[in-house]
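The residues making up each chain are set out below.
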Amino acid sequence: MTSQADHQKRLNLERATNFMRQYRDPNSRELKKLSANQFMEVWSHYDKDGNGYIEGTELDGFLREFVSSANATDIGPEAVSDDMLIELKACFMEAYDDNQDGKIDIRELAQLLPMEENFLLLFRFDNPLESSVEFMKIWREYDTDGSGYIEADELKNFLRDLLKEAKKINDVSEDKLIEYTDTMLQVFDANKDGRLQLSEMAKLLPVKENFLCRQVFKGATKLTKDDIERVFALYDRDNNGTIENEELRGFLKDLLELVKKDYDAQDLRDFEETILRGVDYNQDGKINKKELTMILLAIAKHNQEEEPAA
């Protein structure tokens, strides 16, 4: 009885001194496959301020514990010297910091840690959306009650369809699907209201690129006719000569992301009203090429004014 208590005490001590050790095989020191809940435990432990990134001292702590937990002897994280940490961080960030922002987000961590294959599929690493137009179509499809949020049941339906698409749904029980839904909500529901708003769902379902973030719109060069044509073609998916409905909302979502990090469906509706009031002279609720040109020129001019003088 005493030896079992001592063993548990030792395990608790190890966990306290190095959180990552519990997820490694005690003999091989290889990382075990993490369940959805275990992945969430790791994320929550290191993202101490809950801002959606492992960065600064959080990242230093994670790297020290990640490396030292692989050692067969019971060395603590302090065994990783400052010089070793600098070198380690440089290698690590080069391999896993996909967007090169100097911090680790949830999707980047998911690529590093071994996880249940079915859960990993939900991060859609190999299949990002082409554009925000596709995102807004998916949003409309799964926001079945039109509330402007993806609630838990709607998110579960979305995840079920993702697994069906990957022909993996038969491998996932209803209980496991509920676990996946709960975990995804915990991970992406930044304001913890139990549902996903637009900006939160956008992190779960990323697009390849926000075209409006390109350097050409940041005042570095003048906008050309070709630039305008490329942007128009990106959003006018049905080639009917206007940007409307989901095309318009996809464009406005990309535009809104330039000025607002957290936004919901009401923010997008308000933004649409403001933009259309300013440029939609024929008041048809759509954007034609001339109206788009006015918006893009205004963005480029605004960004140029924002840039500090050299």
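The rules we used
Residues numbered from 1 in each chain as written. Predicted model: local features only at pLDDT ≥ 70, side-chain atom pairs only at ≥ 80, totals over all residues. Heavy atoms only, no water. Buried < 20%, exposed > 50% of the residue type's maximum accessible area, 1.4 Å probe, protein only. Helix = DSSP H or I, 4+ residues; strand = E, 2+ residues; numbered from the N terminus. Polar contact = N/O pair within 3.5 Å; in protein donor to acceptor, adjacent residues only side chain to side chain. UniProt positions renumbered as here; feature names shortened; annotations may be inferred. Salt bridge = Lys/Arg side-chain N within 4 Å of Asp/Glu carboxyl O. Contact = heavy atoms within 4.5 Å. 1 Å grid on protein atoms, 1.4 Å probe; cavity = no way out; pocket = protein on both sides within 12 Å on 5 of 7 lines; lining within 4 Å. Points joined across faces, edges and corners; volume = space filled by probe spheres on them. Nonpolar A, V, L, I, M, F, W, Y, C, P; charged D, E, K, R; others polar. Core = buried A, V, L, I, M, F, W, Y, C linked by side-chain atoms within 4.5 Å.

Draft legend 1. Fine view of helix 7 (residues 132–142). Residues of helix 7 that are buried: Ser132, Val133, Phe135, Met136, Ile138, Trp139 and Tyr142. Between a side-chain oxygen at the N-terminus of helix 7 and the backbone nitrogen of valine 133 the separation is 3.1 Å; the capping residue is serine 131.

Draft legend 2. Local environment of the UniProt feature "domain: EF-hand" (unreviewed entry) in the protein. With numbering aligned to this structure, UniProt lists the feature "domain: EF-hand" (unreviewed entry) at residues 34–69, 83–119, 130–165, 176–211 and 223–258. The span residues 83–119 is 65% helical and 0% strand by assignment, and the distance between its end C-alpha atoms comes to 36 Å. Structurally, residues 130–165 is divided into 69% helix and 6% strand, and its ends, taken at the C-alpha atoms, are 17 Å apart.

Draft legend 3. Up close: the pattern of salt bridges. For the coordinates displayed, the defined rule picks out 20 salt bridges. One salt-bridge network, in which partners are shared between bridges, spans Arg140, Glu246, Arg249 and Glu272.

Draft legend 4. The environment of aspartate 254, seen in detail. With respect to the element layout, aspartate 254 can be found in helix 12 (residues 246–257). With relative accessibility at 2%, the residue aspartate 254 sits in the buried group. Between the C-alpha atoms of aspartate 254 and serine 131, which are 123 residues apart in sequence, the distance is 9.2 Å. Aspartate 254 has contacts with Ser132, Asn210, Leu212 and Tyr235, leaving out every residue within four places of it along the chain. At 2.5 Å, the side chain of aspartate 254 forms a polar contact with the side chain of serine 132. Polar side-chain contacts of aspartate 254 include one of 2.5 Å to the side chain of tyrosine 235.

Draft legend 5. Geometry of the environment of lysine 89. Relative to the assigned elements, lysine 89 resides in helix 4 (residues 82–96). The partly exposed category is assigned to lysine 89, whose relative accessible area is 27%. Expressed as a C-alpha distance, the spacing of lysine 89 and leucine 63, which sit 26 residues apart in the sequence, is 7.4 Å. Of the polar contacts made by the side chain of lysine 89, one reaches the side chain of aspartate 60; its length is 2.7 Å.

Draft legend 6. Just the layout of surface pockets, in detail. Approximately 1400 Å³ is the volume found for the largest pocket. Lining the largest pocket are 41 residues, with Tyr53, Asn99, Asp105, Ala202 and Lys203 sitting closest to its centre. Considering only residue class, the lining of the largest pocket consists of 16 nonpolar, 9 polar and 16 charged.

Draft legend 7. Molecular detail of unusual backbone geometry. Phi is positive for lysine 192, close to 55°, though the residue is something other than glycine. Relative to the assigned elements, lysine 192 resides in the loop between helix 9 (174–188) and strand 2 (195–196). Since its relative accessible area comes to 56%, lysine 192 is described here as exposed. For asparagine 239, which is not glycine, the phi dihedral falls at a positive 55°. Along the polypeptide, asparagine 239 turns up in the loop between helix 11 (225–235) and helix 12. Judged by its relative accessible area of 64%, asparagine 239 falls in the exposed class.

Draft legend 8. Up close: the nonpolar core. With 84 residues, the main nonpolar core has Phe39, Phe62, Leu109, Leu113, Phe135 and Phe158 as its most contacted residues. Ignoring any residue separated from it by four or fewer positions in sequence, one finds leucine 109 in contact with Phe39, Val42, Trp43, Ile54, Phe62 and Ile104.

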